[in-house]
Amino acid sequence: MVNANTWKCRREDLQSKDIELEHNANRKFWPVVSVLLILALAACGTGSGGGQSNPTQPATKTTSTPTSRERQLAAYVFGLINHDRAAQGLSPYTWSDALARGAHLHNLRMVAYGQLTHQTPGEPDLGTRVTNDGIHWRAVGENVGQASYPDPQQGLLAIHQGMMAERPPNDGHRQNILSKIFNLAGVDVVIDSKNQVWLTEDFAQA
């Protein structure tokens, strides 16, 4: 089974120094009960992928609160992140409700527009979004992903494993997860009407 992935990476700091990484690859994934796995990733900058919605008109509403299942899955991903940090001898991230709320709003916009991206039409950039979350940050980063999988949790695990399997210099997602700079993280998961999972992980040094 072959899946095409495209993602870009850009992090921001107060000196406005940007680092961009771009990677396009075809990867093989193991078949799971003969169901196609569609996996897309984007990291800490402006990326795009998936969906055919009109980019100027959202397909669905962009306000709601996470369901209990979505909150459970977000906590699961947060646990995966801190588990991998511990394995590298790194301190765990502290959960940020503010970052998680901002991540949820971004997830809803990605679903509404049908785009895997760090900035949907009319949306502020990452740094402005985190400021709007009420965080006085010194550095910020973001990972976003989307997966179509029979079990949403397995889709999220596949996204996380794909991020952690990255190798330099195309390892923006992994760098965010294992950062020695960030100390806060907020994770949000949205399950759309097609049972696809959308993931936003926002990170900050504050």
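Sequence order as written defines the numbering, with residues in each chain counted from 1. The predicted origin of the model limits local features to residues at a pLDDT of at least 70 and limits the giving and counting of side-chain atom pairs to 80 or more, whereas totals for whole chains, interfaces and linings rest on all residues. Water and hydrogen atoms were dropped before computing side-chain values, which therefore reflect all heavy atoms in the structure.

**Comments concerning the nonpolar core**
Within soluble globular proteins, side chains that are nonpolar generally end up buried alongside one another. One finds Y93, L156, V187 and L199 to be the most contacted residues of the largest nonpolar core, which totals 22 residues. Only DSSP runs of H or I covering at least 4 residues are called helices, and only runs of E covering at least 2 are called strands; the numbering of each starts at the N terminus. Contributing elements (two or more residues each) for this core: α1 (68–87), β5 (139–148), α4 (152–164), β6 (184–191) and β7 (196–205). If you tally residues by element for this core, the top one is α1, at five residues. For L199, the residues in contact, after removing those within four places along its chain, are V77, N107, M110, N143, V144, G145, L156, I159, M163, V187, D188 and V189. The set of buried Ala, Val, Leu, Ile, Met, Phe, Trp, Tyr and Cys residues whose side-chain atoms join them within 4.5 Å is what this entry labels a nonpolar core. For the exposure calls, accessible area comes from a 1.4 Å probe over protein chains only, and a residue counts as buried if that area is under 20% of its type's maximum, exposed if over 50%, partly exposed in between. Ranked by size, the runner-up nonpolar core spans nine residues in total, among them A98, L99, L126 and I135. The contact criterion used throughout is that any non-hydrogen atoms of two residues lie within 4.5 Å.

**Brief notes about unusual backbone geometry**
Each neighbour pair has its own omega, and for P168 with P169 the value is 5°, a cis peptide bond. Of note, P169 is situated in the loop between α4 and α5 (172–177). Phi at N195 takes a positive value of approximately 65°, unusual for a residue other than glycine. Tracing the backbone shows N195 in the loop between β6 and β7. For N195, a relative accessible area of 33% gives the class partly exposed.

**Some words on the pattern of salt bridges**
A carboxyl oxygen of Asp or Glu within 4 Å of a side-chain nitrogen of Lys or Arg is what we treat as a salt bridge. Evaluation of the coordinates by the stated rule reveals four salt bridges. Among the salt bridges present, the one from D202 reaches R129, with a minimum N-O distance of 3.9 Å. Of this pair, D202 sits in strand β7 while R129 sits in helix α3 (residues 126–132); the two residues are 73 residues apart in sequence, bridging distant segments of the chain. As far as the burial class goes, D202 and R129 line up, both buried. If you follow the salt bridges from partner to partner, you end up with E123, R129, E142 and D202 in one network.

**Thoughts on the pairing of β7**
Counting buried positions over the ten residues of β7 gives nine, a clear majority of the element. Sheet topology note: the β5/β7 ladder contains ten bridges and is antiparallel. Paired with A139 across the strands is Q205, a residue of β7. Between any two strands, pairing holds if DSSP finds at least two bridges. Sheet topology places β6 next to β7; eight bridges connect them, and they run antiparallel. Within β7, the position partnered with D188 by the bridge is T200. Hairpin geometry of β6 and β7 is characterised by an intervening segment of four residues between the two adjacent antiparallel strands and by a positive phi of about 65° at N195.

**A closer look at the packing of aromatic side chains**
For Phe, Tyr and Trp, rings pair up if their centres lie within 6.5 Å, where Trp contributes its six-membered ring, and each pair is then called stacked (planes under 30 degrees apart), edge-to-face (over 60) or tilted (otherwise). Taken as a whole and assessed by the stated rule, the structure comprises three aromatic pairs. Between the aromatic rings of F78 and W95, the centroid separation amounts to 5.0 Å while the plane-to-plane angle is 85°, which identifies the pairing as edge-to-face. With a gap of 17 residues between them, F78 in helix α1 and W95 in strand β4 (residues 94–95) connect regions that are remote in the sequence. A relative accessible area of 14% places F78 in the buried class. Since its relative accessible area comes to 32%, W95 is described here as partly exposed. Judged by centre distance (5.4 Å) and plane angle (50°), the ring pair of Y93 and F203 falls under tilted. With Y93 in the loop between α1 and β4 and F203 in strand β7, this pair connects stretches of sequence that are 110 residues apart.

**Re α1**
The end-to-end C-alpha distance of α1 is 29 Å, a good match for the 28 Å that 20 residues give at a rise of 1.5 Å each. For α1, the set of buried residues is E70, L73, A74, V77, F78, L80, I81, N82, D84 and R85. Residues of α1 that are buried in the fold lie against β4, α4, α5, β6 and β7. The positive-phi residue at the C-terminal boundary of α1 is G89, with phi of around 75°. For a helix, the expected span equals 1.5 Å multiplied by the number of residues minus one.

**Here we look at the packing of α1 against α4**
Geometrically, a packed helix pair is captured by the angle between its two axes and the distance between the axes. Only the contacting stretch of a helix is used when fitting its axis, a line to C-alpha atoms as for every element, and angles between N-to-C directions run 0 to 180 degrees. The N-to-C vectors of α1 and α4 enclose an angle of 25°; their axes lie 11 Å apart at closest approach. Regarding the angle of α1 to α4, the classification is roughly parallel. The way α1 lies across α4 gives a crossing that is right-handed. Only P152, Q153, L156, L157, H160 and M164 of α4 make contact with α1, whose side of the interface consists of R69, L73, Y76, V77, L80, I81 and D84. Here the word oblique covers every angle except those under 35 degrees (roughly parallel), over 145 (roughly antiparallel) and from 65 to 115 (roughly perpendicular). If you view the pair so one helix is near and one far, a crossing is left-handed when the near helix is turned anticlockwise from the far one by less than a right angle, and right-handed when it is turned clockwise.

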